[in-house]
Amino acid sequence: MKRFRLSICSLPTSIARIILILAGLAMMTSCDPACTEELVVKNQSGHEVVVTRYHTVYAGLWNNRQPIEDSVRTDVATIRNGDETKSIEGHLGVTDRKSIELTMEYLYWQDSVRFEFDDGTTRTFRLGRDTAWGPYAFGSDNYSYEEKRNPGLTFHNAVLWSRLTYTITEEDHNRCKEE
C-alpha cells in the first residue's frame with residue numbers, strides 16, 4: 001500500500017505562492033497589536049507624600065457585583081519630593097489619551113486615593129465625586145500626556161505606547177491643607 005503525502009512543495013509553484021500570500025495576509029490582518037501604557041505619579045509638592053489607593057473587592061456576577069464586606073485592599077507608595085512612581089500596563093489593541101485615562105481611573109486610582117503629606121496634611125479623593133481637582137480631574141494641568149506612533153508598515157501610525165503623568169504640586173498640598 002502506497003501512502004500519499006501532500007505538501008506545499010508538491011503543489012504547483014503558483015498555487016503554493018497564492019496559499020502563502022493568503023496565509024500571510026490573514027495573519028497580518030487578524031492580529032491585534034500590543035500596546036503599553038505607563039501610569040506615572042510625580043511628586044513636586046515640596047513634601048514627602050504617601051499615596052494610598054483603595055480597591056474594593058466585588059463578588060461575582062451571581063451576586064450582582066456587590067462589594068464583599070471587609071475586603072478592601074490597599075496599595076501604598078511613599079514618594080519623596082522630586083521622585084516619581086510608575087506602573088506599566090499592557091494589553092492588545094492600541095492606546096490613546098482616553099484609553100489611558102480610563103486605565104488610570106479604574107485600574108490605577110480605582111475607588112479612592114488618599115494623599116498624606118509629611119506635615120500631617122491629608123486628603124482623600126473619591127471616584128465619581130472629586131473631579132474638580134486632584135487625581136480624578138483628568139482635564140487639569142496636573143496631567144500630562146505623551147504618545148509614540150508606530151512608524152512600521154503594519155499598524156502604521158497607530159499609538160502603541162503612551163504615558164499619562166499626574167504631578168502632585170505645591171498647590172495640591174495647599175488645597176489639601178485648606179480643606
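Scroll up to find the structure.
Residues numbered from 1 in each chain as written. Predicted model: local features only at pLDDT ≥ 70, side-chain atom pairs only at ≥ 80, totals over all residues. Heavy atoms only, no water.

## Quick look at the pairing of strand β1 (residues 34-44)
Pairing of β1 with strand β4 (residues 84-92) involves nine bridges; the strand directions are antiparallel. When the bridges of β4 are listed, Thr36 appears paired with Gly90. (Pairing = 2+ DSSP bridges. Helix = DSSP H or I, 4+ residues; strand = E, 2+ residues; numbered from the N terminus.)

## What about the packing of aromatic side chains?
Considering all chains together, one arrives at eight aromatic pairs under this definition. On the numbers, 5.0 Å between centres and 75 degrees between planes, the contact of Tyr108 with Trp109 is edge-to-face. We note that Tyr108, like Trp109, is buried. On the basis of an interplanar angle of 65 degrees and a centroid distance of 6.5 Å, the ring pair of Trp109 and Phe115 is categorised as edge-to-face. Positioned above the aromatic ring of Trp161 is the side chain of Lys148, whose terminal nitrogen or guanidinium carbon lies 4.9 Å from the ring centre. (Phe/Tyr/Trp six-rings, centres within 6.5 Å; stacked < 30°, edge-to-face > 60°. Buried < 20%, exposed > 50% of the residue type's maximum accessible area, 1.4 Å probe, protein only. Lys NZ or Arg CZ within 6 Å of the ring centre and 35° of its normal.)

## Concerning unusual backbone geometry
In this model, Gln110 sits at a positive phi of 60 degrees, which is unusual for a non-glycine residue. Within the secondary structure layout, Gln110 lies in the loop between α2 (97-109) and β5 (112-117).

## A few points about the environment of Leu102
Within the fold, Leu102 resides in helix α2. Spatially, the C-alpha atom of Leu102 lies 9.7 Å from that of Phe138, the residues being 36 residues apart in sequence.

## Let's talk about the pattern of salt bridges
Taken as a whole and judged by the stated rule, the model has eight salt bridges. For the salt bridge of Glu38 with Lys86, the shortest nitrogen-to-oxygen distance reads 3.8 Å. Linking Glu38 in strand β1 with Lys86 in strand β4, this pair joins segments that are 48 residues apart in sequence. By relative accessible area, which is 9% here, Glu38 ends up buried. Under the relative-accessibility criterion, Lys86 is labelled partly exposed at 44%. With a shortest N-O distance of 3.2 Å, Glu147 and Arg149 are connected by a salt bridge. What makes Arg149 partly exposed here is its relative accessible area of 47%. Taken together, the shared-partner salt bridges connect Glu38, Lys86, Glu146 and Arg163 into one network. (Salt bridge = Lys/Arg side-chain N within 4 Å of Asp/Glu carboxyl O.)

## Examining the sheet that holds β1
One open sheet holds the four strands; their spatial order is β4-β1-β8-β7, and the pairing between them is mixed. Edge strands, defined here as strands with exactly one partner in the open sheet, are β4 and β7 (143-149). Taking each pair of neighbouring strands and ignoring which way they run, the sheet shows an average axis angle of 15 degrees. By the bridge criterion, nine bridges tie β1 to strand β8 (residues 159-169) in an arrangement that is parallel. Bridge pairing in β8 places Val40 opposite Thr165. Where α2 meets the sheet, its contacts fall on β1, β4, β7 and β8, and the angle it forms with β1 comes to roughly 65 degrees. In the packing of helix α3 (residues 170-178) onto the sheet, the strands contacted are β1 and β8, and the crossing angle to β8 comes to about 50 degrees. (Axes fitted to C-alpha atoms, helices over the stretch in contact; angles between N-to-C directions. Contact = heavy atoms within 4.5 Å.)

## A look at α3
Taken as a whole, α3 has its buried residues at Asp172, His173 and Cys176. The buried residues of α3 all sit within an arc of 100 degrees when viewed along its axis, so they share a single face. Structural note: α3 exposes Glu170, Lys177 and Glu178 on the side pointing more than 90 degrees away from its buried face. On its buried face, α3 is in contact with β5, β6 (122-126) and β8. (Arc of directions from axis to C-beta.)

## Topic: α2
Helical geometry note: an α-helix holds 3.6 residues per turn, so side chains three or four residues apart project in the same direction. Taken as a whole, α2 has its buried residues at Ser99, Ile100, Glu101, Thr103, Met104, Glu105, Tyr108 and Trp109. Two or three places before Lys98, at the start of α2, stands the capping residue Asp96, its side-chain oxygen 3.3 Å from that residue's backbone nitrogen. Positive backbone phi, approximately 60 degrees, marks Gln110, located one or two places after α2. (Polar contact = N/O pair within 3.5 Å; in protein donor to acceptor, adjacent residues only side chain to side chain.)

Shape descriptors only; they carry no functional weight alone.
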